[in-house]
Amino acid sequence: MTFTKEKTLAEQVRLDFPILHQEVNGKPLVYLDNAATSQKPMLVLNTLRDYYEQYNSNVHRGVHTLSAKATDAYEGARDKVAAFVNAASRQEIVFTRNATEAINLVAYSWGSNLQQGDEIILSVMEHHSNLIPWQMLAQRTGAVLKFVELTETEEFNLEQFKSLISDKTKLVSTVHVSNTLGCINPVQEIIAIAHKYGAKVLIDACQSVPHMPIDVQQMDCDWLVASGHKMCAPTGIGFLYGKLDLLRSMPPFLGGGEMIADVFLDHATYADLPNKFEAGTPAIAEAIALGAAVDYLSGIGMDKIYTYEAELTGYLFEQLAQIPEIRTYGPLPKVAGLGRAALAAFTAGDVHPHDLSTILDQAGVAIRAGHHCTQPLHRYLVAQSTARASLSFYNTHEEIDVFITTLKEAIDFFGSIFN
Ligand code: 7TS
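1. Some points on helix α3 (residues 65–84)
Between its first and last C-alpha, α3 extends 28 Å over 20 residues, near the 28 Å set by a 1.5 Å rise per residue. What α3 keeps buried is the set S67, A70, T71, A73, Y74, E75, G76, A77, R78, V81, A82 and F84. As for α3, its buried residues are in contact with α2 (42–55), β4 (93–96), β10 (238–242), α10 (284–300) and α11 (302–321).

Rendered as structure tokens:
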């Protein structure tokens with residue numbers, strides 16, 4: 001009997017990603033910066049190319065064949081995204097440039113309801129995208145920002161959250177999976193508690209949508225945002241999910257073409273959802289390619305992606321634990337790598353994360369160093385900056401081995417200089 005070893009998920013999909021098959025600085029590329037942006041499969045690249053080669057045309061405007069085809073594909077992508085996050089209606093999905101724009105849309109549009117003394121609860125681990133729009137809103141309206149801190153294991157402190165929330169709380173806006181700590185926040189409980197106080201909840205799902213199944217109806221969030229470029233789609237496209245009645249009640253964000261029904265010189269009526277929030281010519285090719293990315297991810301299965309990445313995360317943390325100088329941030333993985341996201345932010349004693357990143361780059365390994373747009377979190381953790389390796393389902397155990405070996409060499413090298 002011949003025994004054939006079953007291929008890992010990464011082995012099955014790697015050929016779909018042309019960019020992964022190259023040398024960087026004379027070494028095979030090991031791409032571990034997936035939390036910043038993911039790589040794109042051929043299906044997505046071909047979708048972009050097909051659009052421009054075969055039916056490039058503006059949407060919702062022309063009656064000609066190409067325009068109808070572009071409109072169908074663009075609106076078809078909306079259907080795919082709606083199904084991917086299990087929205088109750090396609091009208092609940094608004095295309096934006098990215099998650100940042102989606103949060104700003106809510107802050108400007110819904111936020112205009114807020115008054116002096118109303119409270120907004122965020123956490124100290126928010127990405128700047130989920131902090132600055134609320135700071136700006138607080139400055140405009142006199143609303144007050146409150147912050148959930150971390151537990152001892154560097155996770156969302158649910159008990160403290162319960163002590164912060166009150167009838168004054170109008171909004172809770174928090175990240176689902178932290179891009180620095182890698183913790184998976186208890187959003188279901190956060191949302192249930194917030195709703196008891198009549199507060200709305202926005203979930204920043206940038207780092208969860210690409211890595212695990214998401215069901216907005218089950219979660220019961222009021223809004224959820226994500227960026228296409230972190231989920232195998234191009235840059236320049238993201239989406240806002242919002243409950244239908246809530247989106248209906250919100251005034252437009254940007255004004256112009258596409259978002260109107262009837263226009264007069266001195267006033268206008270607005271289009272129904274979702275067009276009301278999509279002023280101007282949208283990122284057509286990018287949206288259609290986001291639909292292709294969703295097809296690609298669904299074809300693999302988000303459960304399968306989550307399970308594979310969890311196993312890989314377990315391996316990454318096991319290997320990092322062998323290096324005494326390494327301090328990782330956020331919770332440690334539980335059994336089988338579960339319980340945290342597939343990324344590790346870390347420091348290595350006195351070695352500057354940028355120096356680590358530079359040495360790793362020379363070995364073809366791409367990681368990120370800095371504050372990862374979570375500067376207040378780094379201040380809270382008393383870390384100037386961290387290095388971060390972030391994984392995707394196309395990463396292999398062998399790539400982690402290359403990363404760990406080079407990391408050890410870098411630490412030894414700097415250790416010999418310092419000592
Ligand atoms: N929220 C989270 C949790 C993120 O990780 C990011 C991007 C954003 C919001 C903003 O996404 P954008 O597409 O609107 O810019 N995070 C990162 C990162 O960790 N490294 O580079 C970008």
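2. Comments concerning the pairing of strand β17 (residues 386–390)
Buried residues dominate β17, accounting for five of its five residues. Note: strand β14 (residues 343–348) against β17, four bridges, orientation antiparallel. What sits directly across from A345, in β17, is R388. With three bridges connecting them, strand β16 (residues 368–370) and β17 associate as antiparallel partners. Bridge assignment links R368 to a residue of β17, and that residue is R388.

3. Observations concerning the nonpolar core
If you look at the biggest cluster of nonpolar residues, it comprises 111 residues, and the most contacted ones within it are F161, L224, F239, F393 and F403. In terms of residue count, α10 provides more of this core than any other element does, twelve residues in total. Here this core spans two domains, and each of domain 1 (9–31 + 302–418) and domain 2 (45–298) adds at least three residues to it. Excluding its chain neighbours within four sequence positions, the residues that come into contact with L224 are I203, A205, V209, I214, V216, M219, F239, L240 and Y241.

4. Re the site of the ligand
Residues in contact with the ligand amount to 17 residues; listed here are only the nearest, T100, D204, S227, R368 and R388. Residue H127 places a side-chain N or O atom 3.3 Å away from a nitrogen atom belonging to the ligand. The contact in question runs from an oxygen atom of the ligand to an N or O atom on the side chain of N179, over 2.8 Å. Within the complex, 90% of the 490 Å² of free accessible area of the ligand lies under protein. Broken down by class, the residue content of the shell around the ligand amounts to five nonpolar, eight polar and four charged.

5. A short note on the packing of aromatic side chains
Scanning the entire structure with this criterion turns up 13 aromatic pairs. Ring centres of F17 and Y394 lie 4.6 Å apart, and the angle between their planes is 50°; this geometry places the pair in the tilted category. Residue F17 is located in the loop between α1 (9–13) and β1 (23–24), and its partner Y394 is located in the loop between β17 and α14 (397–418); the two are separated by 377 residues in the primary sequence. Given the relative accessible area of 0%, Y394 is considered buried. Arranged with centres 5.2 Å apart and planes meeting at 70°, the rings of F413 and F414 form a pair that is edge-to-face. On the basis of relative accessible area, F413 is assigned to the partly exposed category, the value being 43%.

6. Points about the packing of α3 against α10
Packing of α3 against α10 brings their axes to within 8 Å, and their N-to-C directions diverge by 40°. Relative to α10, the element α3 is oriented oblique. The chirality of how α3 crosses α10 is left-handed. Each of A70, A73, Y74, A77, K80, V81 and F84 in α3 lies in contact with α10, whose residues at this interface are I284, A287, I288, L290, G291, V294, D295, L297 and S298. Across the contact of α3 with α10, the residue classes tally to twelve nonpolar, two polar and two charged.

Rules of the game
- Residues numbered from 1 in each chain as written.
- Predicted model: local features only at pLDDT ≥ 70, side-chain atom pairs only at ≥ 80, totals over all residues.
- Heavy atoms only, no water.
- Helix = DSSP H or I, 4+ residues; strand = E, 2+ residues; numbered from the N terminus.
- Expected span 1.5 Å × (residues − 1).
- Buried < 20%, exposed > 50% of the residue type's maximum accessible area, 1.4 Å probe, protein only.
- Contact = heavy atoms within 4.5 Å.
- Pairing = 2+ DSSP bridges.
- Core = buried A, V, L, I, M, F, W, Y, C linked by side-chain atoms within 4.5 Å.
- Domains from an automatic or database assignment.
- Near = heavy atom within 4 Å.
- Polar contact = N/O pair within 3.5 Å; in protein donor to acceptor, adjacent residues only side chain to side chain.
- Areas by Shrake-Rupley, 256 points an atom, 1.4 Å probe, with all protein chains shown as cover.
- Nonpolar A, V, L, I, M, F, W, Y, C, P; charged D, E, K, R; others polar.
- Phe/Tyr/Trp six-rings, centres within 6.5 Å; stacked < 30°, edge-to-face > 60°.
- Axes fitted to C-alpha atoms, helices over the stretch in contact; angles between N-to-C directions.
- Parallel < 35°, antiparallel > 145°, perpendicular 65-115°, else oblique.
- Left-handed = near helix turned anticlockwise from the far one by under 90°.

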